[in-house]
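The residues making up each chain are set out below.
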Amino acid sequence: MKELLGSYSITRLTIEEYKVTFEIPDNCTYKVIDNDGIYIVFIELMENETQPSQQFNIFSFLTQAFEGSIHVEFNQKIGLDGLASANKPRIRISINE
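Attention shifts here to the environment of Asp26. In this structure, Asp26 sits in the loop between strand 2 (17-25) and strand 3 (28-35). It is 5.8 Å that separates the C-alpha atoms of Asp26 and Gln55, two residues lying 29 residues apart in sequence. Asp26 has contacts with Met46, Ser53, Gln55, Phe56 and Asn57, leaving out every residue within four places of it along the chain. A distance of 2.9 Å separates polar atoms of two side chains, one belonging to Asp26 and the other to Ser53.

Turning next to the pairing of strand 4 (residues 38-45). Here strand 3 runs beside strand 4; their pairing, made up of eight bridges, is antiparallel. From the neighbouring strand, Val32 faces strand 4, where its bridge partner is Val41. Two strands pair when backbone bridges link them, and strand 4 and strand 6 (residues 69-77) are joined in this way by six bridges, in the parallel orientation. Pairing of Ile43 across the sheet is with Gln76, part of strand 6.

Sheet architecture is open: three strands sit in the order 1-2-5, paired in antiparallel fashion. Edge strands, defined here as strands with exactly one partner in the open sheet, are strand 1 (8-12) and strand 5 (56-64). Each strand axis lies, on average, 20° off the axis of its neighbour in the sheet, ignoring direction. Pairing geometry for strand 1 and strand 2, over five bridges, is antiparallel.

Moving on to the nonpolar core. Here is a general trend for soluble globular proteins: nonpolar side chains tend to be buried in one another's company. Core analysis: the biggest nonpolar cluster contains 17 residues, and Phe22, Val41, Ile43, Val72 and Phe74 have the highest contact counts within it. Contributing elements (two or more residues each) for this core: strand 2, strand 4 and strand 6.

Turning our eyes to something else, we now look at unusual backbone geometry. Despite not being glycine, Asp36 shows a phi value in the positive range, around 55°. If you trace the backbone, Asp36 turns up in the loop between strand 3 and strand 4. Judged by relative accessible area, which is 60%, Asp36 ranks as exposed. Of note in this structure, Asn48 is not a glycine but carries a positive phi near 70°. You can see Asn48 is positioned in the loop between strand 4 and strand 5.

Here is what the cut-offs are and how they apply
Residues numbered from 1 in each chain as written. Predicted model: local features only at pLDDT ≥ 70, side-chain atom pairs only at ≥ 80, totals over all residues. Heavy atoms only, no water. Helix = DSSP H or I, 4+ residues; strand = E, 2+ residues; numbered from the N terminus. Contact = heavy atoms within 4.5 Å. Polar contact = N/O pair within 3.5 Å; in protein donor to acceptor, adjacent residues only side chain to side chain. Pairing = 2+ DSSP bridges. Axes fitted to C-alpha atoms, helices over the stretch in contact; angles between N-to-C directions. Core = buried A, V, L, I, M, F, W, Y, C linked by side-chain atoms within 4.5 Å. Buried < 20%, exposed > 50% of the residue type's maximum accessible area, 1.4 Å probe, protein only.

Here it is, written out as structure tokens:
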């Protein structure tokens, strides 16, 4: 199965605030969890879908620096059974304050 994450970017807004923007197929859902400064974006196909669509939607969310860095992971459920997943890409930005 193809990856569920399209393009992504991180834009600095202030010294400690960043905006994460990413694309996912329109037949996927996502949720973001902040786990002690690690932002995990869970992406998976909608129920009864077997392949990602070629049409993408763009989403974004704001992050805050935690102990001098921004850490974002994309967890993609890429197995047909919904059980296989991959934590990629992993992005870590160090902040010079």
